[in-house]
Amino acid sequence: MAIKTDKAIKISQKHLLGIQDLSINDVNLILDEALEFIKINQSKK
Amino acid sequence: MSMNISNSAIKKGETLIDTAMTLNAMHPDIIVIRHQDSGACNLLSQKVNCAVLNAGDGRREHPTQALLDALTIINRKKKIEGLKIAICGDILHSRVARSNIYLLNMLGAEVNIVAPTNLMPKEIEKIWCKRIY
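Novice: What exactly am I supposed to notice about helix H1 (residues 24-43) of chain A here?
Specialist: Residue pairs three or four apart in sequence face the same way in an α-helix, which turns once every 3.6 residues. Over its 20 residues, H1 of chain A runs 29 Å from end to end, which matches the ideal 28 Å to within 8%, given 1.5 Å per residue. Within H1 of chain A, the full set of buried residues consists of Asp 26, Val 27, Ile 30 and Leu 31 of chain A. All buried residues of H1 of chain A lie within an arc of 125° about the axis, which places them on one face of the element. Of the exposed residues in H1 of chain A, the ones pointing more than 90 degrees away from its buried face are Asn 25, Lys 39 and Ser 43 of chain A. If you follow the buried residues of H1 of chain A, they end up packed against helix H3 (63-77) and helix H4 (95-106) of chain B.

Novice: It is not clear to me how a nonpolar patch on the surface should be interpreted in this structure. Could you clarify?
Specialist: Judged by side-chain polarity, Met 1, Met 3 and Met 26 of chain B come together as a nonpolar surface patch covering roughly 370 Å² of accessible area. By secondary structure assignment, the location of Met 1 of chain B is in the segment before helix H1 (16-25).

Novice: Would you explain the side chain of Glu 61 of chain B in this entry?
Specialist: By the element assignment, Glu 61 of chain B lies in the loop between strand S2 (51-57) and H3. In this structure, Glu 61 of chain B is buried with no salt-bridge partner, the nearest side chain bearing the opposite charge being Arg 60 of chain B at 4.5 Å. One polar contact links Glu 61 of chain B to Ser 99 of chain B, side chain to side chain, over a distance of 2.7 Å. If sequence neighbours within four positions are ignored, Glu 61 of chain B has contacts with Leu 17, Gly 18, Ile 19 and Gln 20 of chain A together with Asn 54, Gly 56, Arg 95, Ser 99 and Tyr 102 of chain B.

About the cut-offs
Residues numbered from 1 in each chain as written. Chains lettered and ligands numbered in written order. Predicted model: local features only at pLDDT ≥ 70, side-chain atom pairs only at ≥ 80, totals over all residues. Heavy atoms only, no water. Helix = DSSP H or I, 4+ residues; strand = E, 2+ residues; numbered from the N terminus. Expected span 1.5 Å × (residues − 1). Buried < 20%, exposed > 50% of the residue type's maximum accessible area, 1.4 Å probe, protein only. Arc of directions from axis to C-beta. Contact = heavy atoms within 4.5 Å. Patch = residues over 30% accessible without salt bridge, like charges linked within 9 Å, V, L, I, M, F, W, Y side chains within 5 Å. Areas by Shrake-Rupley, 256 points an atom, 1.4 Å probe, with all protein chains shown as cover. Salt bridge = Lys/Arg side-chain N within 4 Å of Asp/Glu carboxyl O. Lys, Arg positive; Asp, Glu negative; His and termini not counted. Polar contact = N/O pair within 3.5 Å; in protein donor to acceptor, adjacent residues only side chain to side chain.

As structure tokens, then:
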């Protein structure tokens, strides 16, 4: 079985349990990555 | 794998920790949990090895929805910093409102809460936002 080690994005927390646990850098990273995924998704239409 | 509580062993008396241990034995990469009890996600995260994503727990938080709401605002308004945003309705029972208040404040918006007195959390002024009755 293949062992996956890459993560889509790396934030400071292992879990996403609440917004208060996230740093502003984590939030910006998640939102920027989400915008990239939207572009990729729309380019395939 | 999607697991509905009505089809799970929780109906037969299994505890959340039992369920967590069973799921953990399957070595998942991520568990996404939506639960009626506040703190259920925190409890689960302490019992499993994988990452846990909170998709809504009780009245506490709904961070994934708040992130989606922020993304929608960015798509429409191009930014969040400096926006004046009003959240209206039943704030007391809304985990989404609570997460939105935290996130939008963090991103530099001015958050205004509009609710009747009986639907306004007492601690609302501790998290930075203006209240309007």
